[in-house]
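Coordinate inspection notes
Each chain, letter by letter, is given below.
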Amino acid sequence: MNIKIKYFTDQIEKLTYIDGKSDWIDLRAAKDITLKAGEFQLIPLGIAMELPKGYEAHIVPRSSTFKNFGIIQTNSMGVIDETYCGDNDQWFFPAYALRDTQIHTNDRICQFRIMEHQPAITFCETDLLGHEDRGGHGSTGKA
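This report concerns the structure included in the present document.

Thresholds, definitions, all that
Residues numbered from 1 in each chain as written. Predicted model: local features only at pLDDT ≥ 70, side-chain atom pairs only at ≥ 80, totals over all residues. Heavy atoms only, no water. Salt bridge = Lys/Arg side-chain N within 4 Å of Asp/Glu carboxyl O. Helix = DSSP H or I, 4+ residues; strand = E, 2+ residues; numbered from the N terminus. Buried < 20%, exposed > 50% of the residue type's maximum accessible area, 1.4 Å probe, protein only. Pairing = 2+ DSSP bridges. Axes fitted to C-alpha atoms, helices over the stretch in contact; angles between N-to-C directions. Core = buried A, V, L, I, M, F, W, Y, C linked by side-chain atoms within 4.5 Å. Contact = heavy atoms within 4.5 Å. Phe/Tyr/Trp six-rings, centres within 6.5 Å; stacked < 30°, edge-to-face > 60°. Lys NZ or Arg CZ within 6 Å of the ring centre and 35° of its normal.

Quick word on the pattern of salt bridges
Tallied over the full model, the rule gives five salt bridges. Among the ionic pairs, Arg28 bridges to Glu13, the shortest N-O distance being 3.4 Å. Pair noted here: Arg28 is in strand β2 (residues 25-28) and Glu13 is in the loop between β1 (4-7) and β2, with a separation of 15 residues, a long-range link. In this structure Arg28 comes out as buried when scored by relative accessible area, which is 16%. One network of salt bridges, in which partners are shared, links Asp26, Arg62 and Arg108.

See the structure below:
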């Protein structure tokens, strides 16, 4: 699959897909950011893309993002659909700082993958599902 990408800066590494390692692709901060504990900021990621029709990008923090930078993603997971593809539709990471922190240009702060849209679904109402109960929320793995 070929995807058009526009870079807003030459200060970040170009995106690469490493086959066999992970389906997720790292994204980098496109400028230096200083945040105090309790502050919010949209961190520019320095890219825009033209996703294929019927696809969307899911953006999440890297597993080390909180440990390294003390930030969390305010919307838990970002979803960018294929209509967000204008020349100035730069991707951002909505960050909330839980401690004072500095993020430098080219730091890897999040990752994304491209997914097909969910298929059309019809809900059919019923009084019974006909399966054994699992025991409620948080019940997996209990003896």
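Let's talk about the sheet that holds strand β9 (residues 92-97)
As summarised here, the arrangement of the three strands in space is β4-β9-β7, forming an open sheet in which the pairing is antiparallel. Here the strands that pair on one side only, and so sit at the sheet edges, are β4 (40-44) and β7 (71-73). Going from strand to strand, the sheet's axes swing by 40° on average, the running direction of each strand aside. Inspection of the sheet shows β7 paired to β9 by three bridges, in the antiparallel sense. If you follow Gln73 over to β9, its bridge partner there is Ala95.

Examining the nonpolar core
The tendency in soluble globular proteins is for nonpolar side chains to be buried as a group. With 25 residues, the main nonpolar core has Ile43, Ile71, Trp91 and Ile109 as its most contacted residues. Ignoring any residue separated from it by four or fewer positions in sequence, one finds Ile43 in contact with Ala29, Ile33, Ile71, Trp91, Phe92, Phe93, Ala95, Ile103 and Ile109.

What about the packing of aromatic side chains?
Given two aromatic rings, one states the distance between the centres and the angle between the planes to describe the pair. Taken as a whole and assessed by the stated rule, the structure comprises one aromatic pair. With a centroid separation of 5.3 Å and 90° between ring planes, the pair formed by Trp91 and Phe112 is classed as edge-to-face. Placement of Trp91 in the loop between β8 (78-81) and β9 and of Phe112 in strand β11 (residues 108-116) is noted, with a sequence separation of 21 residues between them. Among the residues examined, Trp91 registers a relative accessible area of 1% and is labelled buried. Residue classification places Phe112 among the buried residues on the basis of a relative accessible area of 2%. A cation sits over an aromatic face here: Lys14 above Tyr7, 4.1 Å from the ring centre.

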